[in-house]
Number of protein chains: 2
Amino acid sequence: MQRDQNPKRPTMGDVAALAGVSRKTVSRVFNSEATVGEDLVAKVRLAASQLNYKMNLVASDLRRSNGRPSTIGLLIQDVSNEFFANIFRAVEDVAESYGVTVLASNIDEDAEREHRLTSQLVERRVDGLIIVPSGNDQSYLAHEQRSGTPFVFLDRPPQLLRADTVLSDNEEGSFLGVRHLIEHGHRRIGFVGEPPAYSPARQRYRGYLRALQTSNIPIETQLISRDLTTEDDAQQAVIEMMSRSVPPTAIFAAQNRLTIGAVKGLREVSMEYSIALVGFDDFQLAYLLQPAVTVIAQDPLAIGKLGAELLFRRIQGDASPANTHIVSTLLITRGSGEIMAPPAHR
Amino acid sequence: MQRDQNPKRPTMGDVAALAGVSRKTVSRVFNSEATVGEDLVAKVRLAASQLNYKMNLVASDLRRSNGRPSTIGLLIQDVSNEFFANIFRAVEDVAESYGVTVLASNIDEDAEREHRLTSQLVERRVDGLIIVPSGNDQSYLAHEQRSGTPFVFLDRPPQLLRADTVLSDNEEGSFLGVRHLIEHGHRRIGFVGEPPAYSPARQRYRGYLRALQTSNIPIETQLISRDLTTEDDAQQAVIEMMSRSVPPTAIFAAQNRLTIGAVKGLREVSMEYSIALVGFDDFQLAYLLQPAVTVIAQDPLAIGKLGAELLFRRIQGDASPANTHIVSTLLITRGSGEIMAPPAHR
DNA sequence: GTGAAAGCGCTAACAT
DNA sequence: ATGTTAGCGCTTTCAC
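Residues numbered from 1 in each chain as written. Chains lettered and ligands numbered in written order. Predicted model: local features only at pLDDT ≥ 70, side-chain atom pairs only at ≥ 80, totals over all residues. Heavy atoms only, no water.

What about the overall build of chain A?
No. 1: For chain A, the helix and strand inventory stands at 12 helices and 12 strands.
No. 2: For the C-alpha atoms alone, the extent of chain A along its principal axes is close to 90 × 40 × 35 Å.
No. 3: Within chain A, the fraction of its 346 residues that count as buried is 56%.
No. 4: Contacts spanning at least 24 positions in sequence make up 69% of the contacts within chain A whose residues lie at least 6 apart.
No. 5: Each charge class in chain A can be summarised by its mean position, and for the 37 positive and 41 negative side chains these summaries are 6 Å apart. (Helix = DSSP H or I, 4+ residues; strand = E, 2+ residues; numbered from the N terminus. Buried < 20%, exposed > 50% of the residue type's maximum accessible area, 1.4 Å probe, protein only. Contact = heavy atoms within 4.5 Å. Lys, Arg positive; Asp, Glu negative; His and termini not counted. Charge placed at Lys NZ, Arg CZ, Asp CG, Glu CD.)

Below, the structure is given as structure tokens:
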């Protein structure tokens, strides 16, 4: 930063000199402080545009001590996943309405990166931080929190730290998705999910169990695969399930990439039209696949918006106890989830 | 920024006092300057960790005048589009290898936003800026450029400004896509594209024309739709084309969202298996649609990486003339583009 | 309403 | 190898 290249950048002092006023007056004009006479405002603006002056927000940030925020940090897992891309959009929109710059980075489910990037953002003295955490211990942030930097967590709760959190209604969404399958006559419902280390995965599994129990359907562990992380994992898991002596008549996939894997698996055994499928979390083109995929949609825009609003409330001094907020999910029926169970299996 | 909350943050002075050394020594330790004795390094580190000290990069940036960069800006159209999300990832990777923070924002094809966000980033004194421009006049950046801030443009060339640029091989990619259709017996090939105001759209159209001319196929204006921006636009355009007395036997869609619209259009008239389709720019799940969609794939990761590397070269003082770099495209055959023309039409 | 002086936290330039 | 002094560009504080 501050590479002094060719013609050095004009400073407030330069503008002040040209306009024949003090630096402070220029400062007031650029901060719209209203207590400056119109004639002076005009003079300052003229001088500034003649010099092509742009205020240096870095210097401004250094000295400023009033509460007005200037930057917030955002750590998400991966913008390539539309769920996180939408969170980014929502946070950016709110930040922009406050005139605040967003520093966004991808964590990639890497706890070490989470540490490193958080640290970098704190060194940049962001006024607050929104995190989709990867690690399973956020106690390392306690000190920053006490130093006055507010944190908000999205999608997954922080561990060993109290902070505002915004989550999807994972358990209920999952429950509704599985119940939807049960309502279509299914009693043998396969579960395809991420490892339980990941908190939403645990909740979605809980919803699956509750739906079965509510309908007095026995849990069959051969129909449950809980350690899948990639599309391929899910595809294989589904193929394997379908090759069992008594295969499931429906599948619930607990994450969007796993859902895609499940689609591929079902196609590979040519059962995409006979086995029902409901996925958790929507994805682009789900409606164009054949059959179109029924999903429990999350609302990443709402999650990001709410998270950002909570953060700004904290930045503005809200000191009420940290809270967890739940954003509801929505069942979108498109075909794959409405395939009826064969009569024999009812 | 700098909200002085509860326990004020420790400064270098505090660490220096506790360690019994000068501030400059602490500075040297935190900048890994090597000319500090091991014993002092240890003392400083101990004091810093006792105070939970984190360096203030804002202050550091303000004073520093050596060439070492600290932040770069990135303005893309929309992270929700995977093409731009991948550019973001690639730029971030390169920046991280330099220890540089990325400030990324979405422009949304809005020239006014482009101005505003660029201005904000310049005010933050980013060390360089990577832009996918929306407006049709970037001359407003000439002053910044002369002040020493390097700019690199991606996907679309800047207008009324000279700067490094990285583009896809739009014309050639388009040419190859259309030639692929011709090789499958097609002579009536519909074109579905974005408005010519958008430079890649012009180039892709040019590739389409050249492919036809090369094969001595007459241009039929009824088969050409060049003012489409949304999925729906493309869908309607395709439906309309297919309802003509002599409809096309193949369609070339010049952008990924338009390709999706074309798929929907063909399905609506139940011709997705009889009309060939090639799309420009790949998209997730293209391979899962039925028929799977043949595309000319761009390489957003390569574009982003090259763009970032060019920028860092400039930041490090490279003053050679600005250059335009072309990243090649790749034909990926998946089925929709290999549908043969009916014999009658050959 | 406007200005002068001091200072934010750090690093450059120059000692020693 | 370490310290001292000055100053980055702005805003605060307080004076007028």
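Additional details are given in the paragraphs that follow.
A look at the protein's contact with DNA strand C
No. 1: Around DNA strand C, the surrounding shell holds 29 residues, and the nearest of these are Thr25(A), Gly37(A), Met12(B), Ser27(B) and Tyr53(B).
No. 2: Of everything in DNA strand C that lies within 4 Å of the protein, sugar and phosphate atoms constitute 62%.
No. 3: The side chain of Ser27(B) places a nitrogen or oxygen atom 2.5 Å from a phosphate oxygen of DNA strand C.
No. 4: Among the secondary structure elements, those contributing two or more residues to the surface near DNA strand C are α2 (23-30) and α4 (57-63) of chain A together with α2 (23-30) and α4 (57-63) of chain B.
No. 5: Taken together, the residues of the surface near DNA strand C break down into nine nonpolar, 11 polar and nine charged. (Near = heavy atom within 4 Å. Polar contact = N/O pair within 3.5 Å; in protein donor to acceptor, adjacent residues only side chain to side chain. Nonpolar A, V, L, I, M, F, W, Y, C, P; charged D, E, K, R; others polar.)

A word on the interface of chain A and chain B
No. 1: On the chain B side, the residues contacting the 75 residues of chain A number 76 residues.
No. 2: Roughly 7,100 Å² is buried in total at the junction of chain A and chain B, and carbon and sulfur atoms are behind 45% of that figure.
No. 3: Here chain A and chain B share 14 salt bridges between them.
No. 4: The partner of Arg113(B) in a salt bridge is Glu96(A), with the nearest N and O atoms 2.7 Å apart.
No. 5: Where chain A packs against chain B, one counts 36 residue pairs in polar contact (both at pLDDT 80 or more). (Buried area = accessible area lost by both parts, 1.4 Å probe. Salt bridge = Lys/Arg side-chain N within 4 Å of Asp/Glu carboxyl O.)

Points about the sheet that holds strand β10 (residues 294-297) of chain B
Residue and element names in this part refer to chain B.
No. 1: Pairing is mixed in the open sheet, where six strands are placed in the order β7-β6-β8-β9-β10-β12. The open sheet has two edge strands with one neighbour each: β7 (224-225) and β12 (330-332).
No. 2: Both strand β6 (residues 189-192) and strand β8 (residues 250-253) contribute to a ladder of four bridges, which runs parallel. Of the residues in β8, the one forming a bridge with Ile189 is Ala250. (Pairing = 2+ DSSP bridges.)

What to know about the sheet that holds strand β2 (residues 101-106) of chain A
All names here are of chain A.
No. 1: With respect to topology, six strands assemble into an open sheet ordered β2-β1-β3-β4-β5-β11, the strand pairing being parallel. Only two strands of the sheet have a single partner each, and these edge strands are β2 and β11 (324-327). Across the sheet, the mean angle separating the axes of adjacent strands is 15° when strand polarity is ignored.
No. 2: Pairing analysis gives three bridges linking strand β3 (residues 129-131) to strand β4 (residues 151-154), with the strands arranged parallel. By the bridge assignment for β4, Ile130 is matched with Val152. (Axes fitted to C-alpha atoms, helices over the stretch in contact; angles between N-to-C directions.)

Some remarks on the domain arrangement of chain A
No. 1: When its domains are assigned, chain A resolves into domain 1 (12-51), domain 2 (59-168 + 300-326) and domain 3 (170-299 + 331-345).
No. 2: The C-alpha centroid of domain 2 of chain A is placed 36 Å from the C-alpha centroid of domain 1 of chain A. (Domains from an automatic or database assignment.)

Concerning the relation of the copies chain A and chain B
Superposition of the two copies of the chain requires a rotation about an axis and a shift along the axis.
No. 1: Between chain A and chain B, which share one sequence, the superposing operator has a rotation angle of 180° and an axial displacement of 0.0 Å; the RMSD is 0.1 Å. Accordingly, the operation relating the two chain copies is best matched by a two-fold axis.
No. 2: Comparing interface residues between copies, 100% of those in chain A also lie at the interface in chain B; the contact surface is shared. (Least-squares fit on C-alpha atoms with pLDDT ≥ 70 in both.)

Let's talk about the protein's contact with DNA strand D
No. 1: Around DNA strand D sit 29 residues, and of these Met12(A), Lys24(A), Tyr53(A), Thr25(B) and Gly37(B) come closest.
No. 2: Looking at DNA strand D alone, sugar and phosphate atoms form 57% of those within 4 Å of the protein.
No. 3: Between Ser60(A) and DNA strand D, the recorded distance is 3.3 Å, taken from a side-chain N or O atom to a phosphate oxygen.
No. 4: Here Arg23(B) contributes a side-chain N or O atom positioned 3.5 Å from a base nitrogen of DNA strand D.
No. 5: Within the residue set of the surface near DNA strand D, elements represented by two or more residues are α2 and α4 of chain A together with α2 and α4 of chain B.
No. 6: When the residues that make up the surface near DNA strand D are grouped by side-chain class, the tally is nine nonpolar, 11 polar and nine charged.

Comments concerning the packing of helix α10 (residues 231-242) of chain B against helix α11 (residues 256-268) of chain B
Residue and element names in this part refer to chain B.
No. 1: For the pair α10 and α11, the least separation of the axes is 7 Å and the interaxial angle reads 40°. Here α10 is positioned oblique relative to α11, judged by the angle of their axes. Of the two elements, α10 crosses α11, and the hand of that crossing is right-handed. Contact residues: Glu231, Asp232, Ala234, Gln235, Val238, Ile239 and Met242 in α10; Arg257, Leu258, Ile260, Gly261, Ala262, Lys264, Gly265, Leu266 and Glu268 in α11.
No. 2: When the residues that make up the contact of α10 with α11 are grouped by side-chain class, the tally is eight nonpolar, three polar and five charged. (Parallel < 35°, antiparallel > 145°, perpendicular 65-115°, else oblique. Left-handed = near helix turned anticlockwise from the far one by under 90°.)

Thoughts on the pattern of salt bridges
Residues and elements named next belong to chain A.
No. 1: In this structure the tally under the stated criterion is 42 salt bridges over all chains.
No. 2: Between Glu172 and Arg210 there is a salt bridge, with the nearest N and O atoms lying 2.9 Å from each other. Within this pair, whereas Glu172 is found in helix α8 (residues 170-183), its partner Arg210 is found in helix α9 (residues 199-214), the two being separated by 38 residues in sequence.
No. 3: For Glu172, a relative accessible area of 30% translates into the label partly exposed.

Regarding the side chain of Arg113(B)
No. 1: Relative to the helices and strands, Arg113(B) resides in helix α6 (residues 111-123).
No. 2: Residue Arg113(B) is classed as buried on the basis of its relative accessible area of 10%.

Digging into the packing of α2(B) against helix α3 (residues 38-51) of chain B
All names here are of chain B.
No. 1: The N-to-C vectors of α2 and α3 enclose an angle of 90°; their axes lie 10 Å apart at closest approach. Taken together, the axis directions place α2 and α3 in an arrangement best described as roughly perpendicular. Where α2 approaches α3, its residues Thr25, Val26, Val29 and Phe30 are matched on the opposing element by Leu40, Val41, Val44, Arg45 and Ala48.
No. 2: Of the residues contributing to the contact of α2 with α3, the split by class is seven nonpolar, one polar and one charged.

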